[in-house]
Amino acid sequence: MAAGRGAAALRRAWRERRAALLEPRYTPLVAACLCLAEGGVNLWVIRRVPYTEIDWKAYMQEVEGFANGTLDYTQLKGDTGPLVYPAGFVYIFLGLYHATGRGSDIRLAQYLFAGLYLLNLLLVFRIYCRTNKVPPYVFFFMCCASYRIHSIFVLRLFNDPVAMAILFLAINLFLEERWSWGCLLFSLAVSVKMNILLFAPGLLFLLLQRFGLLGCIPKLCICALLQVVLGLPFLLVNPVGYLTRSFDLGRQFQFKWTVNWRFLPEEVFQNRVFHAALLLAHLAGLGLFALHRWHSAWIVFILFSSNFLGVCCSRSLHYQFYVWYFHTLPYLLWCTPTTKLAHMPKVLLLGVIELCWNTYPSTVCSSLSLHICHGLILLQLWYGTDPTPVSHTPAPSRKPTATSKKAQ
């Protein structure tokens, strides 16, 4: 009899453990455990894995010019070339420049970026808690399993994670219906790196849906005004130089660094006709999703899919660009209905994408595999999403709030 009770207790414990891995309502618990684990992982990486200098020294040289009084943007440069990021980058990395002894204390910079990693993770988990879509076991692959993401944050010290952390903060504000503050933070993220503009079509769609044409104008003015305020010192000295350097949409990328187009000949990769074709494909994808798949209540779906469409059609993806969409992949894969048998293929997709980004230098096979994975995700987003909003009657025991519906 006692043995029977013990067996029943073990079965209950096993059921709860299984539920903690599979049911999204356990996301806060799993997130807390993973954040604690990630603190240790980042400390281990910083102490055990050698730092690799790529852009940090150039960042410090660029902002040092500003610290020394140079306001002509065309004169700000480092060892890797001229400064090509907007003014928000200058102010944030100027703070890091002073905090790290003019950029010389690399170890302190790594610890600061480890803190940024954890902050970014908390913001991402808060979004996933609101959407209530992704089974918690998936977050193990999003956290401790990605070598490339840890490298981007604490071994390379790129500016991409800074922009993405601010972007995820903005999305959290959108989920709280604090649209003005969200637009302000969104614009701040753009001022660190322009890749955030890939989320802009989705944001514009949401603003038009919620506020109408006239109502969204003040929100757009917030975005524009912040750009003017941040860039004002440089705009007053050389406006053309600032705009052409910090918002250079026609910038050419080097073929040797491409992750996604290695299977093409270099002359095709650099061809303007090819770039125009990618732009048209991007616009067509945005148009199709806006007309047939975006619903006004799905804040996260609209923003994440808007960004993903841009990533799929990018003229080039460099290794640090992985962070542009890495933390959105679990949502993109699990936001559509998933049968029991479909979990393993989705996990496999995550693994293949990670493998593609960890292949250095990229190969024909890794680039083609990355595009195939992206294509499969786009197909399941298209065919797994209802073309028109459908009203559902929630179960009494798990009635979603109005806010959680909007988050989905």
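Just so it is clear, the model here is predicted, and its values are computed rather than measured.

What counts and how
Residues numbered from 1 in each chain as written. Predicted model: local features only at pLDDT ≥ 70, side-chain atom pairs only at ≥ 80, totals over all residues. Heavy atoms only, no water. Helix = DSSP H or I, 4+ residues; strand = E, 2+ residues; numbered from the N terminus. Buried < 20%, exposed > 50% of the residue type's maximum accessible area, 1.4 Å probe, protein only. Contact = heavy atoms within 4.5 Å. UniProt positions renumbered as here; feature names shortened; annotations may be inferred. Expected span 1.5 Å × (residues − 1). Bend = angle between axes of the 7 residues up to and from the residue.

Q: Just give me the short version of the environment of tyrosine 97, but keep the residues and values in it.
A: Relative to the helices and strands, tyrosine 97 resides in helix 4 (residues 87-99). Residue tyrosine 97 is classed as buried on the basis of its relative accessible area, which comes to 4%. As a C-alpha pair, tyrosine 97 and methionine 60 span 37 residues in sequence and 6.1 Å in three-dimensional space. If near-sequence neighbours (up to four positions away) are discounted, tyrosine 97 is found in contact with Met60, Val63, Glu64, Ala67, Arg102 and Gly103.

Q: Account for the UniProt feature "transmembrane region" (unreviewed entry) in the protein, with residues named and values stated.
A: Sites flagged by UniProt as "transmembrane region" (unreviewed entry) map to residues 83-99, 111-128, 157-175, 181-208, 220-237, 273-291 and 298-317. As annotated, residues 111-128 comprises 100% helix and 0% strand, and the C-alpha atoms at either end are separated by 26 Å. The distance separating the terminal C-alpha atoms of residues 220-237 is 26 Å; by composition the span is 89% helix and 0% strand.

Q: Go over unusual backbone geometry with me, naming the residues and quoting the values.
A: A cis amide bond, omega -10°, links tyrosine 360 with the succeeding residue proline 361. Looking at the element boundaries, proline 361 is found in the loop between helix 17 (343-357) and helix 18 (364-383). With a phi angle near 60°, arginine 102 is a residue other than glycine that sits in the positive phi range. Relative to the helices and strands, arginine 102 is located in the loop between helix 4 and helix 5 (106-131). Judged by relative accessible area, which is 63%, arginine 102 ranks as exposed. Backbone geometry places glutamate 177, a non-glycine residue, at a positive phi of 65°. Here glutamate 177 is to be found in the loop between helix 8 (160-175) and helix 9 (179-190).

Q: I'd love a proper account of helix 10 (residues 200-215), names of residues and values included.
A: For helix 10, which comprises 16 residues, the first-to-last C-alpha distance of 17 Å sits more than 12% below the rise-based estimate of 22 Å (1.5 Å per residue). At glutamine 209, helix 10 shows its strongest bend, of approximately 85°. Packed against the buried residues of helix 10 are helix 8, helix 9, helix 11 (217-235), helix 14 (272-292) and helix 15 (299-312).

Q: An account of the side chain of histidine 327 is requested, with residue identities and associated values reported.
A: Mapping histidine 327 onto the fold places it in the loop between helix 15 and helix 16 (329-334). Residue classification places histidine 327 among the buried positions, given a relative accessible area of 2%. For histidine 327, the residues in contact, after removing those within four places along its chain, are Asn120, Leu121, Val124, Tyr128, Met142, Ile149 and Phe168.

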